[in-house]
Amino acid sequence: MLLSTDPIYIQEVGMRDGLQSAGSFIETPDKVDLINQLSKLGLTKIEVTSFVSPKAVPLLADAEEVLQTIERNSAVQYTALIPNLRGLERALQTELDEVNVVMSISEAHNLANLRLSCSESMAQIATIVERSAGLRVNGTLATAFACPFSGPTEPREVLNWAQRYLDVGIDSLTVADTIGAATPGQVYSLCKQILTRFPNIELTLHLHNTRGLGIANALAGIAAGVRRFDASFGGVGGCPYAPGATGNVCTEDLVHALQFDGYSCAVDLEGLIAATDTLAALLPEQLPGLVRASGTSKKRHPMSEGLRKLASEKRISL
Ligand code: COA
Ligand code: ZN
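Along each chain, numbering runs from 1 in the same order as the chain's sequence is written. Going through the entries in the order they are written, you letter the chains from A and number the ligands from 1. Per-residue local features are limited, in this predicted model, to residues with pLDDT of at least 70; the limit for side-chain atom pairs, both in listing and counting, is 80 or more; totals at the level of whole chains, interfaces and linings are taken over all residues. Water and hydrogen atoms play no part in the side-chain values, which are based on all heavy atoms of the structure.

## Focus on the pairing of strand S9 (residues 203-207)
Formally: Buried, partly exposed and exposed residues are distinguished by accessible area as a fraction of the type maximum, computed with a 1.4 Å probe on protein chains only: under 20%, between the cut-offs, and over 50%, respectively. For helices the rule is a DSSP run of H or I covering at least 4 residues; for strands it is a run of E covering at least 2, with both sets numbered from the N terminus onward. Strand pairing follows a simple DSSP-based rule, namely that at least 2 bridges must link the two strands. Orient the strands so they point away from the viewer, and a crossover whose first-strand-to-second-strand path over the helix runs clockwise is right-handed.
The element S9 is extensively covered by neighbouring structure, given that five of its five residues are classed as buried. Residues Leu203, Leu205 and Leu207 of S9 are buried on one face, and the alternating residues Thr204 and His206, pointing to the opposite face, are buried as well. Summarising the sheet, strand S8 (residues 172-177) and S9 pair through five bridges and their orientation is parallel. By the bridge assignment, Leu173 is partnered in S9 with Leu203. Crossover connection from S8 via helix H8 (residues 184-197) to parallel S9: handedness right-handed. Where S9 and strand S10 (residues 228-231) come together, three bridges link them in parallel fashion. Paired with Leu205 across the strands is Phe229, a residue of S10. For the handedness criterion, the β-α-β arrangement of S9, helix H9 (residues 214-224) and S10 is classed as right-handed.

## Re the coordination of the zinc ion (ligand 2)
Short version of the rule: Each metal site is built from N, O and S donor atoms within 2.8 Å (3.2 Å for Na, K and Ca), and since water is not included, such sites may look incomplete.
Donor atoms from the polypeptide that coordinate the zinc ion (ligand 2) comprise Asp17 (OD), His206 (NE2) and His208 (NE2), at 2.0 to 2.1 Å from the metal. Read in sequence order, the donor residues coordinating the zinc ion (ligand 2) give the pattern D-x188-H-x1-H. Owing to a relative accessible area of 6%, His206 belongs among the buried residues under this scheme. Among the residues examined, His208 registers a relative accessible area of 4% and is labelled buried.

## Remarks on helix H6 (residues 118-130)
Definition in use: Residue count minus one, scaled by 1.5 Å, sets the expected span of a helix. Here, two residues are considered to be in contact whenever any of their heavy atoms come within 4.5 Å of each other.
Here H6 is 13 residues long and its end C-alpha atoms lie 19 Å apart, about the 18 Å a rise of 1.5 Å per residue gives. Buried within H6 are the following residues: Cys118, Ser121, Met122, Gln124, Ile125, Ala126, Thr127, Ile128 and Val129. Looking at the packing, one finds that the buried side of H6 touches strand S3 (77-82), helix H4 (85-92), strand S4 (98-104), helix H5 (107-114), strand S5 (136-142) and helix H7 (155-168).

## Examining the site of ligand 1
Where we set the bar: Near residues are defined by distance, with any heavy atom within 4 Å of the molecule or strand qualifying the residue. Whenever two N or O atoms come within 3.5 Å, that pair is a polar contact, provided that in protein one can donate a hydrogen and the other can accept it, and provided that, for residues adjacent in sequence, both atoms are side-chain atoms. Each accessible area is a Shrake-Rupley result for a 1.4 Å probe, and residues are judged covered by the shown protein chains and nothing else. Polarity classes work like this: nonpolar for Ala, Val, Leu, Ile, Met, Phe, Trp, Tyr, Cys and Pro, charged for Asp, Glu, Lys and Arg, and polar for all others, with Gly in that last group.
Close contacts around ligand 1 come from 18 residues, with Ser53, Lys55, Asn84, Arg90 and Asn113 the closest. At 2.9 Å, a backbone N or O of Phe51 approaches a nitrogen atom of ligand 1. Within the backbone of Val52, one N or O atom sits 3.3 Å away from a nitrogen atom of ligand 1. Considered on its own, ligand 1 offers 920 Å² of accessible surface; in the complex 65% of this is hidden by protein. Elements represented by at least two residues in the shell around ligand 1 include exactly H4 and H5. A per-element tally of the shell around ligand 1 places H4 first, with three residues. Here the shell around ligand 1 is composed, by residue class, of eight nonpolar, five polar and five charged.

## Regarding the packing of helix H10 (residues 251-260) against helix H11 (residues 269-282)
Put simply, the rule is: Between N-to-C directions, angles span 0 to 180 degrees; the directions come from axes that are lines fitted to C-alpha atoms, helices contributing only their stretch in contact. Roughly parallel means an angle under 35 degrees; roughly antiparallel, over 145; roughly perpendicular, 65 to 115; everything else is oblique. Working rule for handedness: look at the near helix, and if it is turned counterclockwise from the far one by less than a right angle, call the crossing left-handed; if clockwise, right-handed.
In the contact formed by H10 and H11, the axes pass within 10 Å of each other and the chain directions differ by 165°. Considering the angle they form, H10 stands roughly antiparallel to H11. Relative to H11, the crossing made by H10 is left-handed. Facing H10, whose interface residues are Thr251, Glu252, Val255, His256, Gln259 and Phe260, H11 presents Leu269, Leu272, Ile273 and Thr276. Classifying every residue of the contact of H10 with H11 by side-chain character gives five nonpolar, four polar and one charged.

So yeah, pure geometry; function would need other evidence.
This is the structure we're talking about:
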């Protein structure tokens, strides 16, 4: 049962969400090479880096240099996460299509991540939108399903904060399952509520695969009407300020699931697996993605001589 024939857009966040907590620093030229590879694969958007404090996230301390050096593809939107006005000032000195602001719905997580209350964050975001000088601003609502410190999030809280984001003038909204705690039923229900209340919104679902439900949750999002998904190649990463969270839903696993089930998802799967091979060679940890390890559903294993002999004895043609 195909849940949609609409195009499904995949947005690569591994270079930011993944690398911010990777096992080692990836040198700037290697980051640039990875982004250049990713730019050619039919991904709609690439989150290239974040303009956060280099003390907080040293693995992305080279944000400016990366953005100065990459080769851009006009079909791709390049975005970067910013946590505050200082981040906006830095981002405005570079060539970007969008900045991604973030706040958590949970007070505890927002304090841990940004050292601000939720209301302080929203006030700061209003100023960021005012000063964004025409640059698109995407608003991310983190901990939209659950917080690692205070537990489940009420859907009406998500709707309230989404309204406040729209009131201050963001261009698009991302709803994030920061710690991979959502279930397909919850994803379907929340996305339906958001799209019913805000039918014209450009909504992205940002899923982590902490408990193995990433792809099931993406399919539930599609059933509810979501067409844009964040994912990270290799499934790399996690959030350094969200204990217990692992990487995003893996891009090549998601693309494989969608393409082999007949969805319209124009991403070069082989190219994506090759980009993840490049990434894997640069990191000490094993990446959790499955399709790269197992091969796609098209893969055929060689038959043994014994099997061929048995087939011929039984006059079965293989
Ligand atoms: N870029 C570079 N440096 C920044 C910065 C930014 N966007 N924001 C703050 N800083 C620096 C300040 O210059 C200051 O440096 P100093 O100690 O050398 O003087 C230091 O960080 C503290 O600045 P302050 O304004 O007091 O901020 P803070 O201590 O309240 O920190 C954050 C707030 C959120 C900016 C910082 O903790 C951060 O960048 N966190 C990363 C959050 C993140 O990436 N989370 C995962 C993704 S959601
Ligand atoms: Zn995330």
